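Letter by letter, the chains look like this.
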Amino acid sequence: MKTNIRSSRIGGFHKLAVDQRVKAVAEFAGLSLDEQAHLLNTGNLPSDMADHLIENVVGTMNIPLGIATNMRIDGLDWLVPMASEESSVVAAVCNAARQCYDNGGFVTSMSGTLMIAQIQLVGVRDPEHARIRILERKAEVENLCNECDPILVNLGGGFRDLEVRVLKTQSGPMVITHLIVDTRDAMGANAVNTMAEAIAPRISEWTGGQTNLRILSNLADRRLARARCIWRTQDIGGESVRDGMISAYHFADADPYRAATHNKGIMNGISAVVLATGNDTRAVEAGAHAYAARKGHYGSLTRWEVTAEGDLAGSLEVPMAVGLVGGATKLHPTARIALKILGVASAEQLARVIAAVGLAQNFSALKALATTGIQKGHMALHAQNIAMMAGAVGEEIDHVAQALIQAGKVRLDLAEKALNDLRSR
Ligand code: MEV
């Protein structure tokens, strides 16, 4: 076996310029000059901006940006940018939206723009007493929190409420304080984390305990985006399709193995818009899955029913901590353009559009699964990917993909052969 003499201990790596880091990595991994040049071509995200967004940057990772059409939400038409590497995801939203467009499209709402920051207090002998002592200081907590972010307060946000819980844990009782803060158009992580860090020493003072963690909760259940929609049974292929979709939903809601896949499909849509707008996909995903398990059983994020008229009614309720200000949302040039395409006036509006996309995604997945299966649609796009892997470019991609579909086999070796045949014609 070859001995590995390469060292990952590259002192001062973070201080190097991007091109110097690429050289260091190239030496380590044996990257060719072409591969190094590829990394240095950062496309439409300038290298110095990338270098400021994260650490140790050596390039950018381009993901296709597609547009979901046919979306009618709250009586208005929207074009929705979606960033995803997965085929069929954008098409699924367009198809679902087309099938409900004439019936009015999606209706959305939001519970508010409240985020929660948690402060963990340990080492108190009388946790119930400590809880009350903290709650007594609500006015002081409010002032301290609002002093941390006067701009947010000027924009109509700021501290809203104080909740304190006594938690039984493996290391004894803990007193957990929740600061509930309206973060308006910001996702709010920075705002609430700053507040939690400012309040923590006071909590120690008031209770005699020690504060430990001070951090937001991604279970943003005071920031729920809701979407609902009715698909007329005649527009979706009849009662058997409708009933198959309801049965698929019942399966997901009863079985975590299926619910994980069902919700993953919903997140295909949600995360694609979250990413396109420069928001934090992991925060939204963590919130969604925690919310799906909030009753102690991991179930479906969507609900599907038959209306009194016999139509298919779908709804989705999901935590949606997204913002229009702060982080990559304002910095990333593509995110800025994506937000312009959307034309949303507030973080709330963005969250509501995203919920509609999640519901649309789930509609298409359930419909495909309950009828033809997803492979048929997937295969057409997969064939194109395989054609590109075989080296097809431009018009060749469709020719090669067609050849694979006609052969009924989507394989790389067959794609290479089809491409050779095409080029030698
Ligand atoms: C694939 O990325 C997503 C689906 O598996 C979702 C689902 O099964 O509901 C099609």
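Owing to the predicted nature of the structure, the values given are computational and were not obtained by experimental measurement. (Residues numbered from 1 in each chain as written. Predicted model: local features only at pLDDT ≥ 70, side-chain atom pairs only at ≥ 80, totals over all residues. Heavy atoms only, no water.)

Visitor: Just checking my understanding: could you explain the site of the ligand for this structure?
Guide: Surrounding the ligand, one finds E86, R258, T261, H262, K264, G265, N268, A365, L369 and I374. Take E86: an N or O atom from its side chain is 2.5 Å from an oxygen atom of the ligand. Measuring from an oxygen atom of the ligand, one finds a side-chain N or O atom of K264 at 2.7 Å. Relative to its unbound accessible area of 300 Å², the ligand is 86% covered by the protein chains. Of all the secondary structure elements, the ones that give two or more residues to the shell around the ligand are α10 (256-276) and α14 (347-370). Sort the elements by how many residues they give to the shell around the ligand and α10 lands first, with six residues. Class assignment for the residues of the shell around the ligand results in three nonpolar, four polar and three charged. (Near = heavy atom within 4 Å. Polar contact = N/O pair within 3.5 Å; in protein donor to acceptor, adjacent residues only side chain to side chain. Areas by Shrake-Rupley, 256 points an atom, 1.4 Å probe, with all protein chains shown as cover. Helix = DSSP H or I, 4+ residues; strand = E, 2+ residues; numbered from the N terminus. Nonpolar A, V, L, I, M, F, W, Y, C, P; charged D, E, K, R; others polar.)

Visitor: Would you mind showing me how to read the packing of aromatic side chains here?
Guide: Where two aromatic rings form a pair, the distance of their centres and the angle of their planes describe that pair. If you walk through the whole model with that rule in mind, you get four aromatic pairs. Taking 5.8 Å as the distance between ring centres and 80 degrees as the angle between the ring planes, the aromatic pair formed by F106 and W231 counts as edge-to-face. Of this pair, F106 sits in strand β3 (residues 106-110) while W231 is found in strand β8 (residues 224-231), placing the two residues 125 residues apart along the sequence. Of the residues examined, W231 reaches a relative accessible area of 0% and is grouped as buried. Between W304 and F363, the aromatic rings sit 6.4 Å apart at their centres with planes inclined by 45 degrees, giving tilted as the arrangement. Of the two residues, W304 is situated in strand β9 (residues 302-306) and F363 in helix α14; the sequence distance between them amounts to 59 residues. (Phe/Tyr/Trp six-rings, centres within 6.5 Å; stacked < 30°, edge-to-face > 60°. Buried < 20%, exposed > 50% of the residue type's maximum accessible area, 1.4 Å probe, protein only.)

Visitor: It is not clear to me how the pattern of salt bridges should be interpreted in this structure. Could you clarify?
Guide: Under the criterion given, the structure shown has 22 salt bridges. Ionic pairing is found between R72 and D77, a salt bridge with its closest N-O pair at 2.3 Å. Of the residues examined, D77 reaches a relative accessible area of 45% and is grouped as partly exposed. Ionic pairing is found between D421 and K417, a salt bridge with its closest N-O pair at 3.2 Å. Of this pair, D421 and K417 are both found in helix α17 (residues 412-423), four residues apart, which corresponds to roughly one turn of the helix. Taking the relative accessible area as the measure of exposure, D421 reaches 39% and is therefore partly exposed. Residues joined by salt bridges that share partners form a network here, namely R137, E140, R202 and E205. (Salt bridge = Lys/Arg side-chain N within 4 Å of Asp/Glu carboxyl O.)

Visitor: What exactly am I supposed to notice about the side chain of N279 here?
Guide: Secondary-structure assignment places N279 in the loop between α10 and α11 (281-292). Using a relative accessible area of 8% as the deciding quantity, one classes N279 as buried. Within the local environment of N279, its side chain forms a polar contact with the side chain of T277, the two groups lying 3.1 Å apart. Residues in contact with N279, not counting those within four places in the same chain, are V274, V322, G323, T329 and L350. (Contact = heavy atoms within 4.5 Å.)

Visitor: Any chance you could explain unusual backbone geometry here in plain terms?
Guide: Working note: non-glycine residues mostly have negative phi, and peptide bonds are mostly trans. Despite not being glycine, D74 has its phi angle at roughly 50 degrees, a positive value. Secondary-structure assignment places D74 in the loop between β1 (65-73) and β2 (76-83). Judged by relative accessible area, D74 falls into the partly exposed class, the value being 33%. The backbone phi angle of R184 is positive, close to 50 degrees, even though this residue is not glycine. Take R184: it is sitting in the loop between β6 (172-182) and α8 (189-207).

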